[in-house]
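Commentary on secondary and tertiary structure
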Amino acid sequence: PIVGGPQIPAPIAYKSETAISYEVGAKGGFAIPNGGVNYAVSAFQSDYKNLLENRTTNSEADDSGGGNDFISFLSVINIGDAYVRGVEAEFNGVLRKIPIGGNFRWQVGVTYLETEITSGEDKGTKPSFVPRWTVKGNVAWRRPIGPGLGLLVGMSGNTEEGAFGQASNPFKPI
């Protein structure tokens, strides 16, 4: 809601979104002393027709005395044709029987995306909320400490960079 105004779905008709996607990649793994490593690498592209996106637009309330300065409308609209292409790599592995006991597992992944709206009023801009870079990872150490008992210590994280929200992308209002 904007300035206390209600958020109302705006009644806008839209066409069905379709996409054709292509992907090529490789997966594999190899052994290392006391463990192993797996990998997956791929390149991909999706070509969208009539890409759908949620858009919020504001309009001034009528002068009916309701007290709201703005009404916020949430709408699903077609923003045009677009493409998304990128590369992705993921690696994971395990080390068994490490010196402090137990097993150590890890995973790391990175994705790079290029995207652009190729037709319509927003031609040349990017769809909202699609990050250019995504990096994720996790580590875990597991050790048995007794019959039927174990200790697990882990940590994970991820980050995204380069995504545009509606406010930072030069979209035209609907």
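Structure first, text after, so check above.
Quick summary incoming for the structure in this document. (Residues numbered from 1 in each chain as written. Predicted model: local features only at pLDDT ≥ 70, side-chain atom pairs only at ≥ 80, totals over all residues. Heavy atoms only, no water.)

**Let's talk about the overall build of the protein chain**
Check the secondary structure of the protein chain and you find 0 helices and 7 strands. Starting at the N terminus and walking to the C terminus, you meet the elements of the protein chain as β-β-β-β-β-β-β. Only carbon and sulfur atoms are counted for the fraction: they give 58% of the accessible area of the protein chain, which is about 11,300 Å². (Helix = DSSP H or I, 4+ residues; strand = E, 2+ residues; numbered from the N terminus. Areas by Shrake-Rupley, 256 points an atom, 1.4 Å probe, with all protein chains shown as cover.)

**Quick look at the pattern of salt bridges**
Oppositely charged side chains may form a pair once their charged atoms are brought near each other. One pass over the full model with this rule turns up 3 salt bridges. Put simply, Arg85 and Glu114 hold a salt bridge, and the shortest N to O gap is 3.1 Å. Of this pair, Arg85 sits in strand S4 (residues 70-95) while Glu114 sits in strand S5 (residues 103-117), placing them 29 residues apart in sequence. Residue classification places Arg85 among the partly exposed residues on the basis of a relative accessible area of 31%. Glu114 gets classed as partly exposed once you look at its relative accessible area, which sits at 29%. (Salt bridge = Lys/Arg side-chain N within 4 Å of Asp/Glu carboxyl O. Buried < 20%, exposed > 50% of the residue type's maximum accessible area, 1.4 Å probe, protein only.)

**Concerning the nonpolar core**
A general trend in soluble globular proteins is that nonpolar side chains are found buried together. Ranked by size, the top nonpolar core spans 5 residues in total: Leu51, Ile77, Ile79, Ala82 and Ile117. With 3 residues, S4 is the single largest residue contributor to this core. (Core = buried A, V, L, I, M, F, W, Y, C linked by side-chain atoms within 4.5 Å.)

**Comments concerning the pairing of strand S6 (residues 133-146)**
Sheet faces and side chains relate simply in a regular strand, where the side chains alternate between the two faces. Judged from the 10 bridges that link them, S5 and S6 form a sheet pairing that is antiparallel. Across the sheet, the residue bridging to Arg105 is Ala140, located in S6. Relative to strand S7 (residues 149-161), S6 is paired through 13 bridges, and the arrangement is antiparallel. Its bridge partner lying in S7, Thr134 is registered against Glu160. Counting the residues in the hairpin turn of S6 and S7 gives 2 residues, including Gly148, whose phi is positive at 75°. (Pairing = 2+ DSSP bridges.)

**A few points about a nonpolar patch on the surface**
A cluster of nonpolar side chains, contributed by Phe30, Tyr39, Val41, Phe91 and Val108, occupies part of the molecular surface with about 410 Å² of accessible area. Considering the arrangement of structural elements, one finds Val41 in strand S3 (residues 35-60). A relative accessible area of 40% means that Val41 is categorised as partly exposed. (Patch = residues over 30% accessible without salt bridge, like charges linked within 9 Å, V, L, I, M, F, W, Y side chains within 5 Å.)

**Brief notes about the side chain of Asp81**
Note on placement: Asp81 falls in strand S4. The residues contacting Asp81, other than those within four sequence positions of it, are Tyr48, Lys49, Asn50, Glu116, Ile117, Thr118 and Ser119. (Contact = heavy atoms within 4.5 Å.)

**Here's the deal with the environment of Glu53**
Inspection of the secondary structure assignment puts Glu53 in strand S3. On the basis of relative accessibility, which here comes to 8%, the residue Glu53 falls in the buried class. Sequence-wise, Glu53 and Pro127 are 74 residues apart; in three dimensions their C-alpha atoms are separated by 7.7 Å. In terms of polar contacts, Glu53 uses its side chain to reach the backbone amide nitrogen of Ser128, at 2.8 Å. (Polar contact = N/O pair within 3.5 Å; in protein donor to acceptor, adjacent residues only side chain to side chain.)

**Focus: the environment of Gly28**
Tracing the chain through its elements places Gly28 in strand S2 (residues 18-32). Considering only alpha carbons, one finds Gly28 and Asn38, 10 residues apart in sequence, at a separation of 5.7 Å. Ignoring anything within four residues of it in the chain, the contact list for Gly28 reads Val37, Asn38 and Tyr39.

**Quick look at unusual backbone geometry**
Phi is positive for Asn34, which is not a glycine, with a value near 60°. Counting through the fold element by element, Asn34 comes out in the loop between S2 and S3. Using a relative accessible area of 49% as the deciding quantity, one classes Asn34 as partly exposed. Phi is positive for Phe129, which is not a glycine, with a value near 65°. With respect to the helices, strands and loops of the structure, Phe129 is situated in the loop between S5 and S6.

Function cannot be read off these values alone, since they describe shape.
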